[in-house]
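# Working through the structure, step by step
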Amino acid sequence: MNKELISDQQGINLTVLFIFGSTLVMGTGGQAKGDTWIAVMLVLFLSVPVLMVYARILSRYPGKDLYDILEEVFGKYLGRAFSLAFIWFSFHLGALVLRNFGEFMNTVGLPETPKAVPIIMFALICAIGVKSGIETLGKCSSLFIVGVFSLLFLLAFLTIPNMKSENLLPIMYDGFKPVLQGTFSAFSFPFGELVVFMMVFDSLKKPNSSYKVYLKSLVIGGLVVFFISIRNVMVLGADTLGSVYFPSYTAISRINIGNFLQRLEIAVSIVFTLSGFIKISICLMAATKGITKLFGFKDYRVFVTPVGLLMVNLAYLVYDSIMEMFEWAFEIWPYYAFPFQVILPLIILIAVELKARLQNKNKQAKESNTD
Amino acid sequence: MWVMMIILYIIVSYIDTKAFTRLKEKSVLPLYIILMVISCTIGIANAYISNLPSPAGPIRNFILSIIGS
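Counting restarts for each chain, with residues numbered from 1 along the sequence as it is written. Going through the entries in the order they are written, you letter the chains from A and number the ligands from 1. Local features in this predicted model are restricted to residues of pLDDT 70 or higher, and side-chain atom pairs are both shown and tallied only at a pLDDT of 80 or more, whereas totals for entire chains, interfaces and linings draw on every residue.

All right, on to the overall build of chain A then. Scanning chain A for helices and strands turns up 13 helices and two strands. Any residue whose C-beta has 12 or fewer other C-beta atoms within 10 Å is treated as exposed, any with 20 or more as buried, and any in between as partly exposed, C-beta atoms being built from the backbone. Counting across all 371 residues of chain A, residues that qualify as buried make up 52%. With C-beta atoms placed from the backbone, a contact is any residue pair whose C-beta atoms sit within 7 Å. Contacts spanning at least 24 positions in sequence make up 83% of the contacts within chain A whose residues lie at least 6 apart. Helical segments are the DSSP runs of H or I of at least four residues, strand segments are the runs of E of at least two, and each set is numbered from the N terminus.

Along its length, chain B carries three helices and zero strands. Across chain B, helices and strands are ordered from the amino to the carboxyl terminus as α-α-α. Going through the 69 residues of chain B one by one, you find that 12% of them count as buried.

The span expected for a helix works out to 1.5 Å for each residue beyond the first. Taking 1.5 Å of rise per residue, 12 residues should cover 16 Å, and helix 3 (residues 56–67) of chain B covers 16 Å from first to last C-alpha, within 8% of that figure. Gly68 of chain B lies just past helix 3 of chain B and shows a positive phi near 70 degrees.

What follows covers the packing of helix 6 (residues 116–132) of chain A against helix 12 (residues 304–317) of chain A. Residues and elements named next belong to chain A. Taken N-terminus to C-terminus, the directions of helix 6 and helix 12 make an angle of 150 degrees; their axes are 10 Å apart at the nearest point. As far as their axial angle goes, helix 12 and helix 6 are roughly antiparallel. Where helix 6 crosses over helix 12, the two elements pack in a sense that is right-handed. The residues of helix 12 that touch helix 6, namely those facing Ala116, Ile119, Ile120, Ala123, Cys126, Ala127, Val130 and Lys131, are Val304, Thr305, Gly308, Met311, Val312, Ala315 and Tyr316. Residue type decides the class: Asp, Glu, Lys and Arg count as charged, Ala, Val, Leu, Ile, Met, Phe, Trp, Tyr, Cys and Pro as nonpolar, and the leftover types, Gly among them, as polar. Residues that form the contact of helix 6 with helix 12 fall into these classes: 12 nonpolar, two polar and one charged. Note on geometry: axes are C-alpha line fits, over the in-contact stretch for helices, and angles between N-to-C directions span 0 to 180 degrees. Roughly parallel means an angle under 35 degrees; roughly antiparallel means over 145; roughly perpendicular covers 65 to 115; every other angle is labelled oblique. In this scheme, a crossing is called left-handed if the near helix is turned counterclockwise away from the far one by less than a right angle; it is called right-handed if the turn is clockwise.

Bringing the interface of chain A and chain B into the picture now. With 22 residues of chain A at the interface, the matching set in chain B holds 24 residues. Broken down by secondary-structure element, the contributors of at least two residues to the side of chain A that touches chain B are helix 12 and helix 13 (322–370) of chain A. The element contributing the most residues to the side of chain A that touches chain B is helix 12 of chain A, with eight residues. When its residues are assigned to classes, the side of chain A that touches chain B shows 16 nonpolar, two polar and four charged.

Residues and elements named next belong to chain A. Turning to its location among the elements, Leu96 is positioned in helix 5 (residues 76–108). Residue classification places Leu96 among the buried residues on the basis of 25 C-beta atoms within 10 Å. Expressed as a C-alpha distance, the spacing of Leu96 and Ile347, which sit 251 residues apart in the sequence, is 26 Å.

Residues and elements named next belong to chain A. Cis rather than trans, the peptide bond between Leu169 and Pro170 has omega equal to -5 degrees. Here Pro170 is to be found in the loop between helix 7 (134–158) and helix 8 (177–188). Cis rather than trans, the peptide bond between Phe189 and Pro190 has omega equal to 25 degrees. Structurally, Pro190 is set in the loop between helix 8 and helix 9 (210–243). The residue Asn259 is not glycine, and still its phi comes out positive at about 55 degrees. By secondary structure assignment, the location of Asn259 is in the loop between strand 1 (256–257) and strand 2 (261–262).

The quantity called pLDDT is the predictor's confidence in a given residue, expressed from 0 to 100. Summing up the model confidence of chain B, the mean pLDDT is 81 and the portion of residues at 70 or higher is 90%. Scoring the predicted complex yields pTM 0.93 and, for the interface, ipTM 0.89.

Further remarks concern the packing of helix 7 of chain A against helix 11 (residues 266–294) of chain A. All names here are of chain A. Axis separation between helix 7 and helix 11 bottoms out at 10 Å; the angle between their running directions is 155 degrees. Here helix 11 runs roughly antiparallel to helix 7, going by the angle between their axes. Between helix 7 and helix 11 the crossing geometry is left-handed. Contact with helix 7, carried on its side by Ile134, Leu137, Ser141, Phe144, Gly147, Val148, Leu151, Leu152 and Leu155, involves Ala267, Ile270, Val271, Leu274, Ser275, Ile278, Ser281 and Met285 of helix 11 and no other residues of that element. Per-class residue counts for the contact of helix 7 with helix 11 are 13 nonpolar, four polar and no charged.

Let's shift gears to the nonpolar core. Residues and elements named next belong to chain A. Core analysis: the largest hydrophobic core is formed by 129 residues, its most contacted members being Leu17, Tyr54, Leu98, Leu284 and Met311. For this core, the element with the highest residue contribution is helix 11, accounting for 15 residues. Excluding anything up to four places from it in sequence, Leu98 contacts Ile119, Phe122, Ala123, Ile280, Met311, Val312 and Ala315. The term nonpolar core means buried Ala, Val, Leu, Ile, Met, Phe, Trp, Tyr and Cys residues held together as one set by C-beta atoms within 7 Å.

Rendered as structure tokens:
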């Protein structure tokens, strides 16, 4: 089977859309309330070292994904145990985003339709996307990113009349603690989730470009999330921001230019659909690739449908209500995701570096023996 | 309903293996079938048991007990 390759630009597009995923609709760093924008700004700087860890691991083994690296570094059994953890994380994340989509559709557009319907339909589209391969997803992302950015700029421009700068004040009224909590939450959702790309970035054309892709996407995606957060605070104010489920949707619904240009919130749904498609597809691809490698098969495409259907089942039963979904996303997820996003990658990096040093030492010893 | 669900899963599996996936490795079939059966079983259970345990509950309780809130 020919290996599929994507360009750096396509990698950046995929990563930026992945960051947007459900973040632009659900918001991030909710604990900070009116100071969300400060939390997002802080997390932009704090994410850099973590993303460098991911890129360093990938650059040590060019052309290999995380599952291959784990097996090479830790051996067959321990490597597969680590792989299992990352398979679960990708699978779970995909199911959660799928549920976010289902809840969003159910809340804003289709209240009478059973949640399962949009979830199954969306999962089916994602499964077809994953079956088409990473190259197709990369090309899709190049197209989607143009639409998403055009809509975001247009909406940002149209919301200017509704923005009130006094909504940003008072800054840090409740102290620095909520901002820190918001920063932690914003790191795990969405920036830390980029760990999933370690299972996909073996497809980059230039093997060592993972640094560039991760950093550029963080800057582009992070700045957009920052501007969206500040816009939501300025349009809605801290109190309303904390009481609505989908702040961007509510903020955009306030656009009314001369009683003519209004009801533009559909644009938010379009952005969510496009970026959500990429995010779920990447998660599905990562989980399917892992399962395929775990059982020693070559082509991951065969298992996309069963894994996608399992994801649908998990998405359907994972929460009882939308309230539980938001409690999980902002209160539980940061702690749950931290080991997968920071601790495990750090352990892997240490093991990778130790192994590389041991190999160098052995090589030097062999060379001195032959001299 | 469960009969319909099983029939749907069989149709999806058939179309998927025949039309969309050119099965080069026949050895993948057992794992494929196992995954489909698990998925179908959870789907049927989901439809009949209203409070089917989700992994989110135990994870949530565990984390809440750790962070002490």
